[in-house]
Amino acid sequence: MSHGLTYPEAIVIGALQGVTELFPVSSLGHSVILPALIGGRWARDLDVSAPESPYLAFVVGLHVATALALLVFFWRDWVRVVSGFVSSVRHRRVAGPDERLAWMIILATIPVGLAGLLLEHTFRTVLGRPAPAAVFLMLNGLLLFGAERLRRRAATAEPVGARAGDPVPVRVGPEGKGTLFASTAAGGPAASQAAVDLASDRRLAAGSMGGAVLIGTAQILALLPGISRSGATMAAGLLRGLTHEDAARFSFLLATPVILAAGVLKLPDLFGDLGAGIRGQVLVGSVAAGVSAYAAVKFLTRYFETRTLTPFAVYCVLAGLVSLVWLGVA
């Protein structure tokens, strides 16, 4: 069976997926809408809603590359998380911050894992078309905007206390001896970036398990083409009282196992009929996705130290509206 997927298509969609998977603007929505806007061969080759679409197998490969980029960027965090999980299982406890963060990520991943197994195929085939994706992209923008408004309203009612940029004590050394003060603001008097990252992980671990599960459950919304996984979890994090920096960090940590698992589960498709004729394109597209994802997460972790979701909200509403009008006219 001959599959039409060119190398230019693979590079463009690969780079696009790597960026949009982490930016709160929906990678699946863009993967559905962009080919339809371009039209012609792109619209025929890149149809994710088709039951036996080679494009879907291609996107699976891109997900694995994106997850690997996240693992590389957050490798220090994942060393602590895995060590915390092993320690928790060995000692049959959930005590230290690393152990808590490990179980927060595990428990927060279960709802979207179950929902993905049950609903992913239905949502993709029924709603994975340009017009519904454009509508959901607009709704994604409204979700981001609403979360920002509610977060600002809550912030004005908060008592004066620790805020982003204030020194945060981080226990370091053997058995937690010693205290290191790391700033949560960009350019602050942090001893190192690693100390800032550690401070963020400690703040996340201090949250409640229930709150982590609620934030993780928001990822289910991303099964709808046009709703962003990172956007939904960041919005939920803000509503739970996290700073933009910590909400983004937790979102990326939560996304890593979900994206990786989704890719690995469907990776065998690439070695079957669906992957015939496109394996070279998958490799090239995956490289583009991995590079762009690493650049995107590096940018976003700095961006959210001082900025908000509002520009992404505006973009999603306008992009969805323009896409609907364009597709309607076409």
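In this text the structure is predicted, and so the values were computed from the model without any measurement.

### Considerations on the overall build of the protein chain
Then, number 1: What the protein chain contains, in helices and strands, is 13 helices and two strands.
Then, number 2: Here the protein chain, with 330 residues, has 48% of them falling under the buried criterion.
Then, number 3: In the protein chain, the proportion of contacts linking residues at least 24 apart, taken out of those at least 6 apart, comes to 76%.
Then, number 4: As presented, the protein chain carries roughly 15100 Å² of accessible surface, and 69% of it is formed by carbon and sulfur atoms.

### Observations concerning unusual backbone geometry
Then, number 1: Here the phi dihedral of Ser26 falls at roughly 75°; this positive angle occurs in a residue that is not glycine.
Then, number 2: Position of Ser26 relative to the elements: it lies in the loop between α1 (7–20) and α2 (27–38).
Then, number 3: Phi is positive for Arg92, which is not a glycine, with a value near 50°.
Then, number 4: Checked against the element boundaries, Arg92 lands in the loop between α5 (75–91) and α6 (97–127).

### Some thoughts on the confidence of the model for the protein chain
Then, number 1: Per-residue confidence for the protein chain averages 85 on the pLDDT scale, and 86% of its residues sit at or above 70.
Then, number 2: This model gives residues 160–190 a pLDDT under 50, and the stretch forms 51 contacts once residues within four places in sequence are excluded.

### So, the pattern of salt bridges
Then, number 1: Taken as a whole, this structure holds nine salt bridges when the rule is applied.
Then, number 2: Salt-bridge contacts for Asp77 lead to Arg80; the nearest nitrogen and oxygen are separated by 3.4 Å. One end of the pair is Asp77 and the other is Arg80, both in helix α5 and three residues apart, which spans about a single turn.
Then, number 3: Classification of Asp77 by relative accessible area gives buried; the value is 2%.

### A look at the side chain of Arg249
Then, number 1: With respect to the helices and strands, the residue Arg249 is situated in helix α11 (residues 244–266).
Then, number 2: On the basis of relative accessibility, which here comes to 8%, the residue Arg249 falls in the buried class.
Then, number 3: For Arg249, the side chain forms a polar contact with the side chain of Asp197, separated by 3.4 Å.
Then, number 4: Non-local contacts of Arg249, meaning those with residues more than four positions away in its chain, are made with Phe74, Asp77, Asp197, Ser200, Asp201 and Leu204.

### Regarding the nonpolar core
Then, number 1: Formed by 68 residues in total, the largest nonpolar core has its most connected members in Phe58, Phe252 and Phe312.
Then, number 2: If near-sequence neighbours (up to four positions away) are discounted, Phe58 is found in contact with Leu5, Ala10, Ile13, Gly14, Leu270, Ile278, Gln281, Val282 and Gly285.

### Looking at a nonpolar patch on the surface
Then, number 1: A cluster of nonpolar residues, Val82, Phe85, Val86, Val89, Ile106, Leu107, Ile110 and Leu114, forms a patch on the protein surface that exposes about 610 Å² of accessible area.
Then, number 2: Contributing elements (two or more residues each) for the nonpolar patch: α5 and α6.
Then, number 3: When you line up the elements, Leu107 lands in helix α6.

### A look at the packing of aromatic side chains
Then, number 1: Within this structure, the stated rule accounts for 11 aromatic pairs.
Then, number 2: Between Phe74 and Phe252 the ring centres are 6.2 Å apart and the planes differ by 35°, which places this aromatic pair in the tilted class. Of this pair, Phe74 sits in the loop between α4 (54–73) and α5 while Phe252 sits in helix α11, and the two are 178 residues apart along the sequence. Judged on exposure class, the residue Phe74 and its partner Phe252 are both buried.

So, how was this worked out
- Residues numbered from 1 in each chain as written.
- Predicted model: local features only at pLDDT ≥ 70, side-chain atom pairs only at ≥ 80, totals over all residues.
- Heavy atoms only, no water.
- Helix = DSSP H or I, 4+ residues; strand = E, 2+ residues; numbered from the N terminus.
- Buried < 20%, exposed > 50% of the residue type's maximum accessible area, 1.4 Å probe, protein only.
- Contact = heavy atoms within 4.5 Å.
- Areas by Shrake-Rupley, 256 points an atom, 1.4 Å probe, with all protein chains shown as cover.
- pLDDT = per-residue confidence, 0-100.
- Salt bridge = Lys/Arg side-chain N within 4 Å of Asp/Glu carboxyl O.
- Polar contact = N/O pair within 3.5 Å; in protein donor to acceptor, adjacent residues only side chain to side chain.
- Core = buried A, V, L, I, M, F, W, Y, C linked by side-chain atoms within 4.5 Å.
- Patch = residues over 30% accessible without salt bridge, like charges linked within 9 Å, V, L, I, M, F, W, Y side chains within 5 Å.
- Phe/Tyr/Trp six-rings, centres within 6.5 Å; stacked < 30°, edge-to-face > 60°.

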